[in-house]
Amino acid sequence: QVQLVESGGGSVQAGGSLRLSCAASGYTVSRNSMGWFRQAPGKEREGVACITSSGRTIYPDSMQGRVAISKDNAENTLYLQMDSLKPEDTAMYYCAAKRWDGGDCRPNPYNYWGQGTQVTVSS
């Protein structure tokens, strides 16, 4: 059974930073694509950052330069470093994984999801 557990969310001031973690169980982080997604109230879920087994990263234009996705294969953990946070970044952030490698950073192909961790950015 695949389990993804996010942590590291919280409340920060605009311009601040957060580092989210996703601990995976029943799934090997190094094998297939994983990603971070977010969803704010009244909005659709959107991709924040994705990464393939080879380490190729995918970022939406809106996130370029502000986020960095990485993974520690030894710890079987996925990370998301977020800098220069803005109030519009406020959302529930989810870790996700899929059964195959590559692809884009859309939420639909992802099969496994964590419970989410709340990120709140105040102005």
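Right above here is the structure, for reference.
Residues numbered from 1 in each chain as written. Predicted model: local features only at pLDDT ≥ 70, side-chain atom pairs only at ≥ 80, totals over all residues. Heavy atoms only, no water.

**Q** Requested: an account of the environment of Cys50, with residues and values cited.
**A** With respect to the element layout, Cys50 can be found in strand β5 (residues 46–51). Separated by 53 residues in sequence, Cys50 and Gly103 have C-alpha atoms that sit 9.3 Å apart. (Helix = DSSP H or I, 4+ residues; strand = E, 2+ residues; numbered from the N terminus.)

**Q** Report on the state of the cysteines, specifying residues and quantitative values.
**A** As enumerated under the stated definition, the model contains two disulfides in all. Between the sulfur atoms of Cys22 and its disulfide mate Cys95 the distance is 2.0 Å. Around the S-S axis, the bridge from Cys22 to Cys95 shows a dihedral of about -70° and counts as left-handed. Of the two residues, Cys22 sits in strand β3 (residues 18–25) while Cys95 sits in strand β9 (residues 91–97), which places them 73 residues apart along the sequence. A relative accessible area of 0% means that Cys95 is categorised as buried. The disulfide bridge from Cys50 ends at Cys105, spanning 2.0 Å between sulfur atoms. Given an S-S torsion of about 80°, the disulfide between Cys50 and Cys105 has right-handed geometry. Taken together, the residues span a long stretch of sequence, with Cys50 in strand β5 and Cys105 in the loop between β9 and β10 (112–113) at a distance of 55 residues. Cys50 sits in the buried class, given a relative accessible area of 1%. With its bonded cysteines labelled in order along the sequence, the protein chain shows the pairing 1-3, 2-4. (Disulfide = S-S within 2.5 Å. Buried < 20%, exposed > 50% of the residue type's maximum accessible area, 1.4 Å probe, protein only.)

**Q** Could you give me a rundown of the side chain of Glu6, with the residues and numbers involved?
**A** With respect to the element layout, Glu6 can be found in strand β1 (residues 3–7). Buried and unpaired, Glu6 has Arg45 as its nearest opposite-charge partner, separated by 8.2 Å. For Glu6, the side chain forms a polar contact with the main-chain nitrogen of Gly116, separated by 2.9 Å. (Lys, Arg positive; Asp, Glu negative; His and termini not counted. Salt bridge = Lys/Arg side-chain N within 4 Å of Asp/Glu carboxyl O. Polar contact = N/O pair within 3.5 Å; in protein donor to acceptor, adjacent residues only side chain to side chain.)

**Q** Can you break down the pattern of salt bridges residue by residue, with the values?
**A** Summed over all chains, the structure comprises four salt bridges. Taking the shortest distance from any N to any O, the salt bridge between Arg38 and Asp89 comes out at 2.9 Å. Pair noted here: Arg38 is in strand β4 (residues 34–39) and Asp89 is in the loop between β8 (77–82) and β9, with a separation of 51 residues, a long-range link. Salt-bridge contacts for Arg66 lead to Asp89; the nearest nitrogen and oxygen are separated by 2.7 Å. Pair noted here: Arg66 is in the loop between β6 (57–58) and β7 (67–72) and Asp89 is in the loop between β8 and β9, with a separation of 23 residues, a long-range link. Both residues of the pair, Arg66 and Asp89, count as buried. Through salt bridges that share partners, Arg38, Glu46, Arg66 and Asp89 make up one connected network.

**Q** With reference to specific residues and values, describe the nonpolar core.
**A** Across soluble globular proteins, nonpolar side chains show a tendency to be buried alongside one another. Counting residues in hydrophobic clusters, the biggest one holds 28 residues, and the most contacted among them are Met34, Trp36, Ile69, Leu78, Leu80, Met82 and Tyr93. For this core, the elements supplying multiple residues, two or more each, are β3, β4, β5, β7, β8, β9 and β11 (117–122). The residues touching Met82, leaving out its near neighbours within four places in the chain, are Gly16, Ser17, Leu18, Leu20, Arg66, Val67, Tyr93 and Val119. Ranked by size, the runner-up nonpolar core spans six residues in total, among them Phe37, Cys50, Ile58 and Tyr110. (Core = buried A, V, L, I, M, F, W, Y, C linked by side-chain atoms within 4.5 Å. Contact = heavy atoms within 4.5 Å.)

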